[in-house]
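# Analysis of the macromolecular model
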Amino acid sequence: MSGASAHWVASLGNALTGSVRVPGDKSVSHRAVMLGAIAEGTTRIRGFLEGEDTRATARVLCRLGVRIDAPGDGERLVQGVGLNGLRGTEAALDCGNAGTGMRLLAGLLAAQSFDSTLIGDESLSKRPMRRVIDPLAAMGARIESEPGGLPPLRIFGGARLRGVETATPVASAQVKSALLLAGLYAEGETVVREPHPTRDYTERMLAAFGYPIEFTPGVARLRGGHRLTAIDIDVPADLSSAAFFIVAATLVPGSVLRIEAVGMNPRRTGLLEALRAMGADIREENRHEQGGEPVADLVVRHAPLHGIDVPVDIVPDMIDEFPALFVAAACAKGRTIVRGAAELRVKESDRIATMATGLRALGIGVEETPDGAVIEGGRLGGGVVESHGDHRIAMSFAVAAQLTDGNVRINDVANVATSFPGFVALAREAGMNLAD
Ligand code: S3P
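Computed from a predicted structure; not experimentally measured.

Here is what the cut-offs are and how they apply
- Residues numbered from 1 in each chain as written.
- Predicted model: local features only at pLDDT ≥ 70, side-chain atom pairs only at ≥ 80, totals over all residues.
- Heavy atoms only, no water.
- Helix = DSSP H or I, 4+ residues; strand = E, 2+ residues; numbered from the N terminus.
- Buried < 20%, exposed > 50% of the residue type's maximum accessible area, 1.4 Å probe, protein only.
- Areas by Shrake-Rupley, 256 points an atom, 1.4 Å probe, with all protein chains shown as cover.
- Lys, Arg positive; Asp, Glu negative; His and termini not counted.
- Charge placed at Lys NZ, Arg CZ, Asp CG, Glu CD.
- Pairing = 2+ DSSP bridges.
- Axes fitted to C-alpha atoms, helices over the stretch in contact; angles between N-to-C directions.
- Near = heavy atom within 4 Å.
- Polar contact = N/O pair within 3.5 Å; in protein donor to acceptor, adjacent residues only side chain to side chain.
- Nonpolar A, V, L, I, M, F, W, Y, C, P; charged D, E, K, R; others polar.
- Domains from an automatic or database assignment.
- Salt bridge = Lys/Arg side-chain N within 4 Å of Asp/Glu carboxyl O.
- Contact = heavy atoms within 4.5 Å.
- Core = buried A, V, L, I, M, F, W, Y, C linked by side-chain atoms within 4.5 Å.
- Buried area = accessible area lost by both parts, 1.4 Å probe.

What follows covers the overall build of the chain. What the chain contains, in helices and strands, is 12 helices and 23 strands. C-alpha extents for the chain along the principal axes are approximately 60 × 45 × 40 Å. Per-residue burial over the chain gives 58% buried out of 436 residues. When the accessible surface of the chain is summed, it comes to about 15500 Å², and 48% of that surface belongs to carbon and sulfur atoms. Taking the average place of the 45 positive charges on the side chains of the chain and the average place of its 52 negative ones, the gap between the two points comes to 1 Å.

Strand order in the open sheet formed by four strands is β4-β5-β3-β14, and the pairing between neighbours is mixed. Each end of this open sheet is capped by a strand with a single partner; those strands are β4 (67-69) and β14 (232-234). The average angle at which neighbouring strand axes cross in this sheet is 15 degrees, direction not considered. Note that strand β3 (residues 40-46) and strand β5 (residues 75-81) share seven bridges and pair antiparallel. Pairing of Gly41 across the sheet is with Gly80, part of β5.

Looking now at the site of the ligand. In the vicinity of the ligand, the residues found are Ser27, Arg31, Thr100, Arg103, Ala171, Ser172, Ala173, Gln174, Arg199, Ile319, Asp320 and Lys347. Within the contact set of the ligand, an oxygen atom lies 2.7 Å away from a side-chain nitrogen or oxygen of Ser27. Ser172 places a side-chain nitrogen or oxygen 2.6 Å from an oxygen atom of the ligand. Elements with a minimum of two residues in the shell around the ligand: α1 (26-37), α3 (99-109) and α5 (173-183). A per-class count over the shell around the ligand returns three nonpolar, four polar and five charged. Split by domain, the residues of the shell around the ligand number at least three in each of domain 1 (7-24 + 237-435) and domain 2 (26-234).

Once that is clear, we can look at the pattern of salt bridges. Taken as a whole, this structure holds 36 salt bridges when the rule is applied. Residues Glu348 and Arg127 are paired through a salt bridge, measuring 3.9 Å at the closest nitrogen-oxygen approach. Taken together, the positions of Glu348 in the loop between β18 (335-338) and α10 (351-361) and Arg127 in the loop between β7 (116-119) and α4 (130-138) put the pair 221 residues apart, joining distant regions of the chain. Using a relative accessible area of 10% as the deciding quantity, one classes Glu348 as buried.

With that out of the way, let us pick up α10. Within the span of α10, buried status applies to Arg351, Ile352, Thr354, Met355, Ala356, Gly358 and Leu359. The elements touched by buried residues of α10 are α9 (322-331), β19 (365-369), β20 (372-376), β21 (383-386) and α11 (391-401). Between the side-chain oxygen of the N-cap and the backbone nitrogen of Ile352 there are 3.2 Å, and the N-cap of α10 in question is Asp350. The positive-phi residue at the C-terminal boundary of α10 is Gly363, with phi of around 95 degrees.

Here we take up the nonpolar core. Side chains that are nonpolar tend, in soluble globular proteins, to be buried together. The biggest cluster of nonpolar side chains holds 82 residues, and the ones touching the most others in it are Trp8, Phe245, Ile259, Leu275, Leu325, Ile410 and Phe423. Broken down by element, the residue count for this core peaks at 10 residues, all from helix α7 (residues 239-251). For Phe245, the contacting residues outside a window of four places in its chain are Leu16, Val20, Val22, Leu257, Ile259, Phe420, Phe423, Leu426, Ala427, Ala430 and Met432. If you look at the next biggest cluster of nonpolar residues, it comprises 65 residues, including Phe48, Leu108, Ile143 and Tyr211.

To continue, consider the domain arrangement of the chain. According to the domain assignment, the chain contains domain 1 (7-24 + 237-435) and domain 2 (26-234). Here domain 1 and domain 2 have C-alpha centroids that lie 29 Å from each other. Taken residue by residue, the interface counts 28 residues in domain 1 and 24 residues in domain 2. Together, the buried faces of domain 1 and domain 2 total about 2200 Å²; carbon and sulfur atoms form 45% of this surface. Counting across the interface, domain 1 meets domain 2 through four salt bridges. Counting across the domain 1 and domain 2 interface gives 14 residue pairs in polar contact (both at pLDDT 80 or more). Taken together, the elements giving at least two residues each to the side of domain 1 that touches domain 2 come down to β17 (293-301) and α11. Considering only residue class, the side of domain 1 that touches domain 2 consists of eight nonpolar, nine polar and 11 charged.

Another point: the pairing of strand β9 (residues 150-156). Along any regular strand the residues' side chains alternate between the sheet's two faces. Bridge count between β7 and β9: three bridges; the pairing is antiparallel. In the strand pairing of β9, Thr117 is matched with Arg154. Summarising the sheet, strand β8 (residues 142-146) and β9 pair through four bridges and their orientation is antiparallel. Directly across from Glu144, in β9, lies its bridge partner Arg154. Adjacent in sequence and paired antiparallel, β8 and β9 are bridged by three residues, among which Gly148 carries a positive phi angle near 85 degrees.

See the structure below:
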């Protein structure tokens, strides 16, 4: 089933067993094609996420004159055009559903000699872009948006950018990355300071491409004008996609599930910390490095959970995992409190509101707060939930349904393909009861 009418029906599942491998990391895949495009030489990517978000970014780069071949599933060969080799196009550049794509491309395009326009789907067209427009403007960029700082973004070429020091008000890897990409072209030094350290893939990958950059948690600095040299990139499996299987195996009695070679960048593993504090049994085996990133197999055994007060300082390290965490909290004994997570309101949907409404429809007590929620663990029943076109909400309710006696209908699930193509087949293979 396709389009906004696509839905799933899910209900009480079997124990999750065996071994699964989830798709490649979305953040790493976006950056790999972007940096490959402006590098010199051919960048070979393995494990590229074949999702709509990352394919949209690759398509935009092709429109800008970059040749990208896909010799096999998850493989890309990017023929880099060098820092100054991108070519302008009259056509609007469609980022689809991807906030990462639009915000990072805004940084890259703000520095070009040509004009460009970035557009997105209905959800992306409602997401705040002022957070990148304002600091890029402080570097000398000229970007127009719709009222309220919303897409489309019209980016005027030919601006001479100057490196500046920016203290970002929100902890956002997308904002930091947009500024660093613009900084590659700026005169002088670009410094980004964050209120809390966020994922550092842009910094690590720039260094891997041979670009001089200094970074410590919370601060990154680089000077414009150096070059990137093509590399081979092995993309680890996405912890944010593994999250649904981690929570499902924790909740469904009898489960013992291995999730292979998951990226364990410390800025991404907040969910594991929160779940362990709730009583989860998640072991890390076969730890190794893949393309400079820590990777491990996760072995998850069913365990009863209890509610916790989620520590505010781990919120940025699990920012994409709150929908899954809300489901764990709904099945835990007692109360779970989430705060300091106002950013959830400006994701692919308002994730506090969509999760609260959906969990209530399944009989769980949830009180919304401006920056979080209070969730009373209980017994989930059947019902109808709206995912509002948000991939992670849809997958989270598919997990919730594994604990119910009745049927759960999950509406508007087509966007799951943005980050997790093949979710339904893999979920079924592991033991979940889910029909599309
Ligand atoms: C991402 C950063 C985070 C995250 C998003 C991916 C990235 O967004 O939620 O899914 O790849 O840089 P913010 O920068 O808005 O926190």
